[in-house]
Structures are given as C-alpha cells and as structure tokens.
Amino acid sequence: MTVTPAIRLLLADDHPVVRAGLRAVLDTEPDFRVVAEADTAEWAVALAATGEFDVVLMDLQFGAGMHGSEATAAITAVPGAPRVLILTTYDSDADILAAVEAGAAGYLLKDAPPEELAAAVRTAAAGRSALAPAVAHRLMDRMRTPAQALTKRELEVLQLVGEGLSNLQISKKLFLSQATVKSHLVHIYAKLGVDSRTAAVAAATARRLIRR
C-alpha cells in the first residue's frame, strides 16, 4: 500500500494567536504537517529556501518589516520553491494584484471556514490556483471592465496618496519621476471620475481598491 506523503506547511504570520489558531485547525487534517512557523516575512523567506516545505501560508502585513508580497516574490523566484498561499484580512485590489504578480498560488481571507482553508492548501500543493470566491469575483470584475480598472502601478500610487505621501515622496519610494506620478494621478482621476486627491482616495476606499 502506497502512503501519500503529508503536505509540509510553513505558517508565516506575526501574530502568535493567529499562528496557534491556524496550527490547531491544520493539525486536524491527516495529510497536513505543520513543520515550522515564522513571525517575520524575512524569516519565512529564509525557511522556505531550505526545501522542507510544500506550501507556505503567508500573511501580508508584518509590522515594519518586509511585506508579504515581497516575501512571496522572493520565495517563488527560486526554482523548486514551495507554493505560497496568501492568508490575510485584506481584500483590496492593490493587495490582490501585488500578491498575484509576486507569484502567489492562491489568495484566501482569514475568515474562510476551515474546510475552505484545507481545500485551498491541497489545491495549492497540487500546483493549481486557489482563490477565495470574493477574490475571484474582484479579479473577474477587473477583466470585464479593463478600461476602467486601475493598473497595479496606479493602485500603488493611490495607496501611497492615501497614506499621506506627497508626489515627491511617492516618486522616491517608487523610483519614478514626479512627472510620471502626476501622469498616473491624472489617469486615476479620469478612471474614478474625481478631480482631487481626497476624492480619489475616498472613491477608491469605498470600492475597496486600496486599503485604509
């Protein structure tokens, strides 16, 4: 009789209570084995490089350290890397697009029921995409109206506007010229039907395009 190897998991989240809750849920699945935990994105990247994991469950926000999407990109850039399943509370277009572009195999929200989480882990481990229904719906909406959808760069610029950064600060953070930042804002205003930074942030927040 052939025994199927357990799916080896790495839990990456900066909250101990969240990691404990995830472990308690995942340990009930006979084909899962939680091998290690990481409380920083940097540590998750280092552990993932050891080759001891099949799936990394990755949060997006890790305090002042590396962002979960950055960690995902670093992990998936290595040949034979484990699959990365984003598990977060954020469902904005900016977060979803950044994670997908970074190479995430799936995107799930933390309020997902245990059976949905388990199914997503198995789907990711099998090399397929695992998206929460709400996330898949948002991506489909973007595909239906591409002319109205903000690009990933426009979302990045608008997210920083929402955080209170000036055009000069945004240009330095994203390595863009101020003229390019202004051009992005013009396109953002046109797509959102607004005429100011404040109105753009309000409209984007209401539509869950950016995180507040």
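Residues numbered from 1 in each chain as written. Predicted model: local features only at pLDDT ≥ 70, side-chain atom pairs only at ≥ 80, totals over all residues. Heavy atoms only, no water.

Trainee: When you look at the side chain of Ser-69 in this model, what are you seeing that I'm missing?
Mentor: With respect to the helices and strands, the residue Ser-69 is situated in helix α3 (residues 68-76). Not counting residues within four places of it along the chain, the set of residues in contact with Ser-69 comprises Leu-60, Asp-95, Ala-98, Ala-99 and Ala-102. (Helix = DSSP H or I, 4+ residues; strand = E, 2+ residues; numbered from the N terminus. Contact = heavy atoms within 4.5 Å.)

Trainee: Explain the packing of helix α4 (residues 93-102) against helix α7 (residues 152-162) to me, please; I cannot follow it from the model alone.
Mentor: Axes are the key here: two packed helices are described by the angle between their axes and the distance separating the axes. Where α4 contacts α7, the axes come no closer than 9 Å and their chain directions differ by 130°. In terms of orientation, α4 and α7 fall into the oblique class. In this structure, the crossing between α4 and α7 has a hand that is left-handed. The residues of α7 that touch α4, namely those facing Asp-93, Ala-94, Leu-97, Ala-98 and Glu-101, are Lys-152, Leu-155 and Gln-159. (Axes fitted to C-alpha atoms, helices over the stretch in contact; angles between N-to-C directions. Parallel < 35°, antiparallel > 145°, perpendicular 65-115°, else oblique. Left-handed = near helix turned anticlockwise from the far one by under 90°.)

Trainee: I would appreciate a short explanation of the packing of aromatic side chains in the present structure.
Mentor: What describes a pair of aromatic rings is the distance from one ring centre to the other and the angle between the planes of the rings. In total, this model carries zero aromatic pairs according to the counting rule given. The lysine or arginine in question, Arg-211, covers the ring of Tyr-90, its NZ or CZ lying 3.6 Å from the ring centre. (Phe/Tyr/Trp six-rings, centres within 6.5 Å; stacked < 30°, edge-to-face > 60°. Lys NZ or Arg CZ within 6 Å of the ring centre and 35° of its normal.)

In short, geometric facts, not functional conclusions.
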